[in-house]
Amino acid sequence: MKKLILIALTLLVCRIGFAQPGEVRLLDPRKINQDYTHGQLPYAIGVHNIQTMRANRERPDLADGFGWTYNHAANLAYWNDTFFFHYLSDPHGEHIPSSQTLLMTSKDGYTWERPMVLFPPYRVPDGYTKEGFTEVAQGLDAIMHQRMGFYVTKDGSRLLALGYYGICMNPTDKPLDGNGIGRVVREIYQDGSFGPIYFIRINHGWSEATVDYPFYKRSKDKAFVAACEELLSDPLMMQQWVEEADRDDPLIPIKNPNLKGFNYTTLPDGRILALYKNGFYTISTDQGYTWSNPVKIENLITGSAKSWVQQAADGTYAMVYNPTFFRWPMALVTSTDGLNWNHMLNVHGEVSPMRYSGLEKSWGPQYLRGIMPGNGIVPDGNIWLAYSVNKEDMWSMRITVPIQDKASVHADENLSRYNHLSELNRWNVYSPLWAPVSIQKAPNGENALRLADWDPYDYAKAEYFFPDSPVVTAEFSVIPNQNDTGELCIELQNAENYAGTRIVFDRQGMIRLKRGYKFSDLDPYEPGKQYDIMLSADARSQQVTVSVNGGRQVRNVMYGQTDRFCKIVFRTGVDFNVPMVEIMADEEWILPGAGEPQNMAAFYLLSLKTK
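Residues numbered from 1 in each chain as written. Predicted model: local features only at pLDDT ≥ 70, side-chain atom pairs only at ≥ 80, totals over all residues. Heavy atoms only, no water.

Visitor: Whenever I open this one, the overall build of the protein chain confuses me. Can you help?
Guide: Scanning the protein chain for helices and strands turns up 3 helices and 37 strands. Based on the C-alpha atoms only, the size of the protein chain along its principal axes is roughly 80 × 55 × 45 Å. Put simply, the protein chain has 611 residues, and 60% of those count as buried. In the form shown here, the protein chain has an accessible surface area of approximately 23600 Å², with 52% of it arising from carbon and sulfur atoms. Computed over 58 positive and 69 negative side-chain charges, the inter-centroid distance for the protein chain is 3 Å. (Helix = DSSP H or I, 4+ residues; strand = E, 2+ residues; numbered from the N terminus. Buried < 20%, exposed > 50% of the residue type's maximum accessible area, 1.4 Å probe, protein only. Areas by Shrake-Rupley, 256 points an atom, 1.4 Å probe, with all protein chains shown as cover. Lys, Arg positive; Asp, Glu negative; His and termini not counted. Charge placed at Lys NZ, Arg CZ, Asp CG, Glu CD.)

Written out as structure tokens, the structure is:
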């Protein structure tokens, strides 16, 4: 009888539904080598990583205008033919005031406008105290913290942006304890301007009389009030609020604040699958009003960062997360039914140096969010995500659908036929703001793939996949814009991202072939001149052959041992390979020259053929 009573109480409190535990599983977990930023994990093809904001403490005018270097917790929506991307920002470290939420917009997901303040810092009244803490607020600002960013009304006419003001009495306090001030909302209009800020939900201990913004019902805009109430009536939206809301808020279906980072997708049978941090999931049979008991996904290894699940335009499912106990690389697994997952692939394997240390600044690409169901459909049919790197810089990602990891045909690319980076569906692109990859006019007047670089701590990268083979020949044409700064590395790599060969246009004006510790000189190069290069590698004999502009053939041994090749990589610097597992968190540093651009180098790729 006692057991029956306990079960009944648990059902009542948690509002559990009817799904079976262990129903969701990862069928083929891969071991990730976390000593490499890419984890030696094969890449999905057609992934474009685009930096949207580069933090800069020394030169705020080149970043967000504030110079704040803790930037994190992205949210994404697509409305009115525009991407909306908001994130929270603190001066140096996590949960250390001041704090604000910034918004960026883009028409294409590649070029982003400068961040604007969406929710400004909020002053906690002097004299405020929080239970369990001895500190008394004096000149204290609230901390932005929000798991939900946007809501598009069901008729598509209005876009609401949301944020949450929590309170941290000291750096060890947390804003997601249900003891904050409350959640705010404002409308983003068709012309991109903002409506007034209102509170849409006020936490206990506060009231309309004690908060700085009016309650949403005070608005004279009846359609805005109706939009807010439509949002409040949707349990799938309310579940995103659980960590920050009052612990007994009747709007929250599952009152378990340990279920963090809620997001969801619809399964083929109409049930709702919800995914949380740390690999937990629940299932709802009634559109989010009741849920199954939380269960850990079988075989899934993930750190404490957020995970994301969604159905792609082709009907398949994708789950994106960090597949280690650290926060690199970022990977995806796929499924046809949303329950059985496999085929793990890399979608962000670069981890540039953290330029500005700070409290709880974790290395790596992390805390991603896609577009929640109802918050817009991007017409290109691809998967779009927003996330942070090193809790410092903000990034967007496009994953080409259908998701693939193996090429069926060789390259036959005349880059002059492209007008925009978005057309390169068979290329992977890594494009920081200070090392951008783009389609631009080359010195010969034709369009080309341009890799530029003026970043002291990052690089541009573009890679093309071809059928896996132990023997490959690549022919490509490059025009360097200079010969006294920057470098371009060209490598043939295997699926584990290991290079067997490397050619370098170096900063001394020489084209060189790497052989072990040393380089063999091939030919000098001049600015503005086209260089046609033939690179042939045979992994069976470990031999490589190179010629420049049809000249002498240079033969040598490969500098790296691999038995196959599947891609060619063009990169404006040496690959990141920092053993970050040994780097201690919360140490203090600023990398020298982190905020100052270097002299720009640019290289134009005109064509590429492989066989």
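Visitor: Just checking my understanding: could you explain the sheet that holds strand β13 (residues 272–275) for this structure?
Guide: Pairing between sheet strands relies on hydrogen bonds along the backbone, with the strands arranged either parallel or antiparallel. If you trace the 4 strands from one edge of the open sheet to the other, you get β12-β13-β14-β15, paired in antiparallel fashion. On the outer flanks of this sheet lie β12 (263–266) and β15 (295–296), each paired with one strand and no other. Where β12 lies against β13, 4 bridges are found, and the strand directions are antiparallel. Bridge pairing in β13 links Tyr264 to Ala274. (Pairing = 2+ DSSP bridges.)

Visitor: Would you mind going over the side chain of Asn428 with me for this structure?
Guide: Residue position: Asn428 is located in strand β24 (residues 427–431). Classification of Asn428 by relative accessible area gives buried; the value is 3%. Reaching out from Asn428, the side chain makes a polar contact with the backbone nitrogen of Gly46 at a distance of 2.6 Å. Within the structure, Asn428 has its side chain in polar contact with the backbone nitrogen of Val47 (distance 3.0 Å). Residues contacting Asn428, with those up to four places away along its chain left out, are Tyr43, Ala44, Ile45, Gly46, Val47, Lys461, Ala462, Glu463 and Phe465. (Polar contact = N/O pair within 3.5 Å; in protein donor to acceptor, adjacent residues only side chain to side chain. Contact = heavy atoms within 4.5 Å.)

Visitor: Looking at this structure, I do not really get the pattern of salt bridges. What am I missing?
Guide: A side chain of one charge can pair with a side chain of the opposite charge if their charged atoms are brought near each other. Within the structure shown, the criterion is met by 32 salt bridges. The shortest N-O distance in the salt bridge between Arg512 and Asp506 comes to 3.0 Å. Exposure remark for Asp506: the relative accessible area of 6% places this residue in the buried category. One salt-bridge network, held together by shared partners, links Glu350, Lys461, Glu463 and Lys567. (Salt bridge = Lys/Arg side-chain N within 4 Å of Asp/Glu carboxyl O.)

Visitor: When you look at the packing of aromatic side chains in this model, what are you seeing that I'm missing?
Guide: Think of a pair of aromatic rings as described by two things: how far the centres are apart, and how the planes are tilted against each other in angle. For the structure shown, the criterion picks out 30 aromatic pairs. An angle of 90° between the planes, with centres 6.2 Å apart, marks the rings of Tyr122 and Phe199 as edge-to-face. One end of the pair, Tyr122, is in the loop between β6 (116–119) and β7 (143–144); the other, Phe199, is in strand β11 (residues 198–202), with 77 residues separating them in the sequence. Of the two residues examined, Tyr122 and Phe199, each falls in the buried class. Among the aromatic residues, ring-to-ring pairing joins Tyr78, Phe83, Phe85, Tyr87, Tyr110, Trp112 and Trp384 into one connected group. One Lys or Arg, Arg54, reaches over the ring of Trp434 and ends 3.8 Å from the middle of that ring. Here the basic side chain of Arg571 rests over the ring of Tyr459, its NZ or CZ set 5.8 Å away from the ring centre. (Phe/Tyr/Trp six-rings, centres within 6.5 Å; stacked < 30°, edge-to-face > 60°. Lys NZ or Arg CZ within 6 Å of the ring centre and 35° of its normal.)

Visitor: Explanation requested: the sheet that holds strand β31 (residues 510–515) in the structure shown.
Guide: The mixed open sheet is built from 11 strands, whose spatial order is β20-β21-β22-β2-β24-β27-β36-β29-β30-β31-β32. If you trace the sheet from one side to the other, it starts and ends with β20 (365–369) and β32 (518–524), each paired once. Averaged over all pairs of adjacent strands, the angle between their axes in this sheet comes to 20°, without regard to strand direction. Note that β20 and strand β21 (residues 383–389) share 3 bridges and pair antiparallel. Opposite Gln366, over in β21, you have Ser388 as the bridge partner. (Axes fitted to C-alpha atoms, helices over the stretch in contact; angles between N-to-C directions.)

Visitor: For this particular structure, what's the right way to read the pairing of β11?
Guide: For a regular strand, side-chain orientation follows a simple rule: the groups alternate between the two sheet faces. With 4 of its 5 residues buried, β11 lies for the most part within the structure. Two elements, strand β10 (residues 182–188) and β11, share 4 bridges in a ladder whose sense is antiparallel. The residue of β11 that forms the bridge with Val185 is Tyr198.

Visitor: Which parts of the structure should I look at to understand the state of the cysteines?
Guide: Every disulfide links exactly two cysteines, by a covalent bond between their sulfur atoms. Counting across every chain of the model gives 0 disulfides. No disulfide involves Cys489; its nearest neighbouring cysteine sulfur is the one of Cys566, lying 18 Å away. Its relative accessible area of 1% is what places Cys489 among the buried residues. (Disulfide = S-S within 2.5 Å.)

Visitor: Teacher, can you tell me more about the pairing of β32 here?
Guide: Both β31 and β32 contribute to a ladder of 6 bridges, which runs antiparallel. Looking across to β32, one finds that Ile511 is bridged to Asp523. A loop of 2 residues connects β31 with β32, the two strands running antiparallel in sequence, and Gly516 in this loop sits at a positive phi of about 65°.

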